[in-house]
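# Chains, contacts and geometry: an overview
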Amino acid sequence: SGCVLAPRAAEEQRVAVARAGAAYRGVFEERNLPVLPAAPTRRDVVQRALAANGDVEAAYFDWAAAVHRIDRAGAYPNTAFSLDVSRALSGRGSAFDRTSLTLGFDPMENLAFPTKVYQAAKVATADAAAAEQRLVAVRFDLQRRVLAAWTDYAAGAERLRIAHEVLGVAELDQRTAAARVASGAPTTEILRAETTRQRTADEVATLTATLTGDRARVNALLARAPQAKLTAPASLEAPRIIPSDDAWLVSVAAEHDPTLAALVHEVTGRRNALALARQQYIPDFNPFVSTEGAAAQLAGMVISIPTLLREVGAQIRESRAALSAAIARRRQVGADRAAALVAALLMVRDNARRLALIDGPLRQLATDM
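A quick note: this is a predicted structure, and the numbers were derived from the prediction, not measured. Each chain carries its own residue numbering, running from 1 in the written order of its sequence. Predicted model: local features are reported for residues with pLDDT of at least 70 only, side-chain atom pairs are reported and counted for 80 or more only, and whole-chain, interface and lining totals are derived from all residues. Neither water nor hydrogens contribute to the side-chain values; these are computed over all heavy atoms in the structure.

With 69 residues, helix H4 (residues 114–182) extends 101 Å from end C-alpha to end C-alpha; this agrees with the ideal 102 Å at 1.5 Å per step. Working definition: helices are DSSP H or I runs of at least four residues, strands are E runs of at least two. Numbering for both runs from the N terminus. Where H4 terminates, the next one or two residues include Gly184, which has phi positive at roughly 115°. Take the residue count of a helix, subtract one, and multiply by 1.5 Å to get its expected span.

Taken together, the four strands give an open sheet; going across it, the order is E3-E4-E5-E6, and neighbouring strands pair in antiparallel fashion. In the strand order of this sheet, the two ends are held by strand E3 (81–87) and strand E6 (296–304), each with one partner. Averaged over all adjacent pairs, the angle separating strand axes in this sheet is 15°, with direction ignored. Pairing between strands is defined by DSSP: at least two bridges between the two strands are required. Pairing of E3 with strand E4 (residues 99–105), which is carried by seven bridges, proceeds in the antiparallel orientation. In this analysis an axis means a line fitted to C-alpha atoms, helices contributing only their contacting stretch, and an angle means the value between N-to-C directions, from 0 to 180 degrees.

At a minimum axis separation of 8 Å, H4 and helix H7 (residues 258–278) run at an interaxial angle of 165°. When the axes of H4 and H7 are compared, the pair comes out roughly antiparallel. Judged by the twist between their axes, the crossing of H4 over H7 is left-handed. The nonpolar class holds Ala, Val, Leu, Ile, Met, Phe, Trp, Tyr, Cys and Pro. Asp, Glu, Lys and Arg form the charged class, and all remaining residues, Gly among them, are polar. Considered class by class, the residues forming the contact of H4 with H7 number 14 nonpolar, seven polar and six charged. Angles below 35 degrees are treated as roughly parallel, those above 145 as roughly antiparallel, those between 65 and 115 as roughly perpendicular, and all remaining angles as oblique. Helix crossings fall into two classes, left-handed where the near helix is turned counterclockwise from the far one by less than a right angle and right-handed where it is turned clockwise.

For the peptide bond that leads from Tyr76 to Pro77, omega is 5°, which places it in the cis range. Within the secondary structure layout, Pro77 lies in the loop between strand E2 (75–76) and E3. Even without being a glycine, Ala223 presents a positive backbone phi close to 60°. The topology assignment puts Ala223 in the loop between helix H5 (188–221) and helix H6 (246–256).

All right, on to the layout of surface pockets then. Any residue with an atom within 4 Å of a point lines the site, the site being either a cavity, points on a 1 Å grid over the protein atoms alone where a 1.4 Å probe fits but cannot get out, or a pocket, an open set with protein on both sides within 12 Å along at least 5 of 7 lines. Grid points are joined across faces, edges and corners, and a volume is the space filled by probe spheres set on the points. In this structure, the second largest pocket encloses a volume near 240 Å³. For the second largest pocket, the lining is made up of 13 residues, of which Gln280, Pro306, Thr307, Leu308 and Val312 are closest to its centre. The class makeup of the residues in the lining of the second largest pocket is five nonpolar, five polar and three charged.

On to the pattern of salt bridges, then. By convention in these notes, a salt bridge is any Lys or Arg side-chain nitrogen within 4 Å of a carboxyl oxygen on Asp or Glu. All chains considered together, the criterion is met by 16 salt bridges. Here Arg270 and Asp127 are joined by a salt bridge, their closest N and O atoms 3.5 Å apart. Of the two residues, Arg270 is situated in helix H7 and Asp127 in helix H4; the sequence distance between them amounts to 143 residues. For Asp127, a relative accessible area of 27% corresponds to the partly exposed category. For every residue, the accessible area (1.4 Å probe, protein chains only) is compared with the maximum for its type, and the residue is labelled buried under 20%, exposed over 50%, or partly exposed between those bounds.

This part is about a positive patch on the surface. On the surface, Arg278, Arg310, Arg317 and Arg320 cluster together to form a positively charged patch. At three residues, helix H8 (residues 309–368) tops the list of elements feeding residues into the positive patch. Tracing the chain through its elements places Arg310 in helix H8. For patch detection, residues must exceed 30% relative accessible area and be free of salt bridges, and they are connected within 9 Å for like charges or within 5 Å for nonpolar side chains (Val, Leu, Ile, Met, Phe, Trp, Tyr). To be clear on the numbers: accessible area is Shrake-Rupley with a 1.4 Å probe, and residue cover counts the displayed protein chains and nothing else. The convention is simple: Lys and Arg are positive, Asp and Glu are negative, and His and the chain ends are not counted. Where a charge lies is defined by one atom per residue type, namely NZ (Lys), CZ (Arg), CG (Asp) and CD (Glu).

A separate point is the side chain of Asp257. Mapped onto the elements, Asp257 comes out in the loop between H6 and H7. Here a polar contact is recorded for every N or O atom pair within 3.5 Å, except that within protein the pair must consist of a potential hydrogen donor and a potential acceptor, and residues adjacent in sequence are included only if both atoms are side-chain atoms. Side-chain polar atoms of Asp257 contact the side chain of Arg337, separated by 2.9 Å.

Turning our attention to the nonpolar core. Generally speaking, nonpolar side chains in soluble globular proteins are found buried as a group. Val45, Tyr60, Trp63, Leu142, Val146 and Val218 are the most contacted members of the largest nonpolar core, which has 37 residues in total. For this core, the leading source of residues is H4, giving 13 residues. Counting residues in each nonpolar core, the second largest holds seven residues, with Val267, Ala277, Val312 and Ala326 among its members. Among buried residues, the Ala, Val, Leu, Ile, Met, Phe, Trp, Tyr and Cys ones that are joined through side-chain atoms within 4.5 Å form a nonpolar core.

Attention now moves to a nonpolar patch on the surface. Nonpolar side chains collect at one region of the surface, where Phe81, Leu83, Val85, Leu101, Leu103 and Val289 lie side by side and expose about 570 Å² of accessible area between them. Listing elements by their share of the nonpolar patch, those giving two or more residues are E3 and E4. Ranked by residue count, the leading element in the nonpolar patch is E3, at three residues. Positionally, Leu103 belongs in strand E4.

A few words on the packing of aromatic side chains. One pair of aromatic rings is described through two measures. These are the centre distance and the angle between the planes. Note on ring pairs: Phe, Tyr and Trp rings are taken, using the six-membered ring of Trp, and paired if centres are within 6.5 Å. Classes follow the plane angle, with under 30 degrees stacked, over 60 edge-to-face and the rest tilted. Applying the stated rule across the entire model yields seven aromatic pairs. Measuring from ring centre to ring centre gives 6.1 Å for Tyr24 and Phe61, while their planes differ by 55°; the resulting arrangement is tilted. Of this pair, Tyr24 sits in the loop between helix H1 (8–20) and helix H2 (42–52) while Phe61 sits in helix H3 (residues 54–74); the two residues are 37 residues apart in sequence, bridging distant segments of the chain. For Tyr24, a relative accessible area of 9% translates into the label buried. Of the aromatic side chains, those joined through ring pairs into one cluster are Tyr24, Tyr60, Phe61 and Trp63.

Looking now at the environment of Leu211. Within the secondary structure layout, Leu211 lies in helix H5. Linking Leu211 and Asp152, residues 59 residues apart in sequence, is a C-alpha distance of 8.7 Å. Whether two residues touch is decided by their heavy atoms; if any such pair falls within 4.5 Å, the residues are in contact. If we skip the residues at most four places from it in the chain, Leu211 touches Tyr153, Gly156, Ala157 and Leu160.

Within the element layout of this structure, Ser319 appears in helix H8. Of the residues examined, Ser319 reaches a relative accessible area of 13% and is grouped as buried. Not counting chain neighbours up to four residues away, the residues in contact with Ser319 comprise Ala273, Leu274 and Ala277.

So, on to the environment of Ala88. In this structure, Ala88 sits in the loop between E3 and E4. In this structure Ala88 comes out as partly exposed when scored by relative accessible area, which is 34%.

Okay, here's the thing in structure tokens:
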């Protein structure tokens, strides 16, 4: 059945994709997905999203398809066997002596020189490694979106809770105003109290609708029904401490950024593709064996000499241009990601400074009281 001429990294990709695919075996409705507890934390919702989200699953299968393309690109022999049988209808001798048999490879497709097949498998392996990193990038982006949606949902629940308390105060003020008007106070007081109550009730209705939308957004990321029950946290969890060494953070981000890693593999793949294009100058061949009854037995080889030199040259130039584009894209994305990280760190540091300025007077005020 042949073999696969591929680099050792191809086997690593096969093992990795098989291990990661355990979570996606069977139809979605029959999988054992993580069950959210009655009061889920942000870790619970992130784990549920990573296991159930369709974008992550689609990215995994894109990676799996890229891994399977390695075997297709590196399969050798790359052409089917061909058996040619013919028999002379007249002449002397037995039926065997009048029969010709030729066994070889399909003349419609030449048997490629082995280095070409191996180089094609290297291109497919680099593409598979890039697809794996794109899956990692999708997972990180999903975590970011889930945490942002969960934070909005928690903040919305807190705002609604405060609004309900304010509404209770407004209703109490309305009843008090009614008692004062009954005791002879101006009727404007009850009008003022009613206006305040209505405005607060409208704010409660608006916040309730917003919270319903926030819950539907979180449930969508978790692959749940929009109206599925989801208890908002009573308070937000404390954020993780950010190291003070910004240069270290930038270097670590550049080293572990999956988007950049995917682009690095793409550059490697384009380099391998350029090497493959250059190998198109190497002739292909078609070995065969033949027998003409008992009269003669032959063994030979048909060599296919490349003559489409302009096509091969254009393929080389195309591969070289694709490599230059991949290198430029990697350089620009790296600069953009570094700039975005620096801007985010500056914003975080500035927000921390502002909170410190506000927190100090508040603590002093609480001490004085």
